[in-house]
Amino acid sequence: MALADNYIFDLSDNVVRTPVSYLTRYGITISADLYTAVDFDETTPAPALVIGAPYGGVKEQGPGVYANELAQRGFVVLTFDPSYNGYSGGETRHLSSPDVFVEDFHAAVDFLGTREFVDREKIGALGICGSGGFALSAASVDPRIKAIATASMYDISRMHAEGFGGSLSEEDRKAQLAQIAEHRYAEFEGEPATLTPRGALLELDPENNPVGTEFGEFYSRPRGYHPNSIAQFTMTSGPSFMNFPLLDKLDWIAPRKALLVIGEEAHSAYFSEDVANDDNIKLHVVPGANHVDLYDKTDVIPFDAIESFFNDNLK
């Protein structure tokens, strides 16, 4: 059941959560939470992680679940609401953008790296679902991010350009872009922004829409519900993702390391499988898990492997 403060989990007695805010280079005020262990010694700079939410999610959901655990394991952890979403600033609401959402990670590193209690040579990033792609993209051009982990990574640019599993035909893409172009005229003339259909089904239909049902079981039920997480974005956000690939410079990450955690049964597994390699971008497969299991199921998320990865690579 969602808690009264809208966090979907109970904060550990061993963890302190502090609300913070800061600006991106675009002047957007980011609403964030800083997690530290109760016995954290601020006089000794510590390794730090920035954790991004699933595409359509907010910091009170999966990112907080991860932060609550990883802070107990010695990391300073920052979670945040994406620009234009959640409690972060920016108009039009629910806008999304590959550049803006990648900048959210850069700005988080700006914040962490200027805290006296953070070792700026030991900052890592962890992205869940869509934020996995944003974290990898940010790390491609930001050497301050020393190691990267993802969980159930989605490449949102590829998803928009190709459809799920490459299902978007050229004809359908052209029709979609023509429709979006008309929405731009309407919004320019003052009409409210049109939102994409809700990706997380309210009425679950596992037989005809298993992916929408999986998301709905999280976002549309008490398990993961948050009023700021509507699983929708402005329709006119789509072309930016079609036009700007997120993961075309992953080779720039080397020799730094990335760990891509996927569920064995995840519909999204191919996004990670297609970019993993035998060198510095490794897969970690969680037996029996689906995509959304890695959002919040603390008995499924491989925290030991994640902790070990960052301990080995933030040095």
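See above for the structure.
A few words now on the nonpolar core. Side chains of nonpolar character tend, in soluble globular proteins, to be buried together. Tyr 66, Leu 70, Leu 112 and Phe 310 are the most contacted members of the largest nonpolar core, which totals 86 residues. With 9 residues, the single largest contributor to this core is helix α2 (residues 98-113). Once you skip the residues sitting within four places of it in the chain, Phe 310 turns out to touch Leu 49, Phe 75, Gly 124, Ala 125, Leu 126, Ala 147, Ile 148 and Ala 149.

The topology assignment puts Ser 31 in strand β2 (residues 29-37). Along the primary structure Ser 31 and Met 235 are separated by 204 residues, whereas in three dimensions their C-alpha atoms are 24 Å apart. The residues touching Ser 31, leaving out its near neighbours within four places in the chain, are Val 20, Lys 59, Phe 80, Asp 81, Tyr 87 and Ser 88. Within the structure, Ser 31 has its side chain in polar contact with the side chain of Lys 59 (distance 3.2 Å).

Turning to the pairing of β2, a few remarks are in order. Counting buried positions over the 9 residues of β2 gives 8, a clear majority of the element. Where strand β1 (residues 15-23) and β2 come together, 9 bridges link them in antiparallel fashion. By the bridge assignment, Tyr 22 is partnered in β2 with Ile 30. The turn linking β1 back onto β2 is made up of 5 residues, and Gly 27 within it adopts a positive phi angle of 80 degrees. As paired elements, β2 and strand β4 (residues 76-80) share 4 bridges and run antiparallel to each other. Paired with Asp 33 across the bridge in β4 is Thr 79.

Moving on, we come to the environment of Met 159. Tracing the backbone shows Met 159 in helix α4 (residues 156-162). For Met 159, a relative accessible area of 26% translates into the label partly exposed. C-alpha of Met 159 to C-alpha of Gly 238: the two residues are 79 residues apart in sequence and 9.9 Å apart in space. Ignoring sequence-local partners within four residues, the contact set of Met 159 consists of Tyr 154, Phe 164 and Phe 271.

This brings us to the sheet that holds strand β7 (residues 257-263). Spatially, 8 strands are ordered β1-β2-β4-β3-β5-β6-β7-β8 in an open sheet, and the strand pairing comes out mixed. Two strands lie at the open edges of the sheet, namely β1 and β8 (281-286), each paired on one side alone. Along the sheet, successive strands turn relative to each other by an average axial angle of 20 degrees, direction set aside.

Attention now goes to the packing of aromatic side chains. Summed over all chains, the structure comprises 22 aromatic pairs. Where Phe 309 meets Phe 310, the ring centres are 5.2 Å apart and the plane angle is 65 degrees; that geometry is what we call edge-to-face. Grouping residues by exposure puts Phe 309 and Phe 310 together as buried. By the ring-pair criterion, three or more aromatic residues cluster together here, those being Tyr 154, Phe 164, Phe 215, Phe 218, Tyr 219, Tyr 270, Phe 271 and Tyr 295. Over the aromatic face of Phe 111 sits the side chain of Arg 115, whose NZ or CZ is 4.0 Å from the ring centroid. Sitting over the ring of Trp 252, Lys 249 keeps its end group 5.5 Å from the ring centre.

Burial runs high along helix α6 (residues 210-219): 7 of the 10 residues are buried. Packed against the buried residues of α6 are α9 (293-296).

This part takes up the pattern of salt bridges. The final tally for this structure, using the stated rule, is 16 salt bridges. One salt bridge in this structure joins Arg 158 and Glu 162, with 3.2 Å as the shortest N-O distance. Of the two residues, Arg 158 and Glu 162 both sit in helix α4, 4 residues apart, roughly one turn of that helix. By relative accessible area, which is 24% here, Arg 158 ends up partly exposed. According to the relative accessible area criterion, Glu 162 is partly exposed, its value standing at 35%.

Turning to the side chain of Arg 256, a few remarks are in order. Along the chain, Arg 256 falls in the loop between α7 (238-243) and β7. The charged side chain of Arg 256 is buried without a salt bridge, its nearest counter-charge being Asp 142 at 6.5 Å. Separated by 2.8 Å, the side chain of Arg 256 and the backbone oxygen of Ile 145 make a polar contact. Those residues within four positions of Arg 256 in sequence are excluded, and the remaining contacts are Ala 139, Ser 140, Asp 142, Pro 143, Ile 145, Lys 146 and Asn 280.

Burial of helix α1 (residues 62-71) is extensive: 9 of the 10 residues sit out of reach of the surface. Among all positions of α1, only Gly 62, Pro 63, Gly 64, Val 65, Tyr 66, Ala 67, Asn 68, Leu 70 and Ala 71 are buried.

Scoring rules and cut-offs
Residues numbered from 1 in each chain as written. Predicted model: local features only at pLDDT ≥ 70, side-chain atom pairs only at ≥ 80, totals over all residues. Heavy atoms only, no water. Core = buried A, V, L, I, M, F, W, Y, C linked by side-chain atoms within 4.5 Å. Buried < 20%, exposed > 50% of the residue type's maximum accessible area, 1.4 Å probe, protein only. Helix = DSSP H or I, 4+ residues; strand = E, 2+ residues; numbered from the N terminus. Contact = heavy atoms within 4.5 Å. Polar contact = N/O pair within 3.5 Å; in protein donor to acceptor, adjacent residues only side chain to side chain. Pairing = 2+ DSSP bridges. Axes fitted to C-alpha atoms, helices over the stretch in contact; angles between N-to-C directions. Phe/Tyr/Trp six-rings, centres within 6.5 Å; stacked < 30°, edge-to-face > 60°. Lys NZ or Arg CZ within 6 Å of the ring centre and 35° of its normal. Salt bridge = Lys/Arg side-chain N within 4 Å of Asp/Glu carboxyl O. Lys, Arg positive; Asp, Glu negative; His and termini not counted.

Honestly, that's just the spatial picture; any functional story needs more than this.
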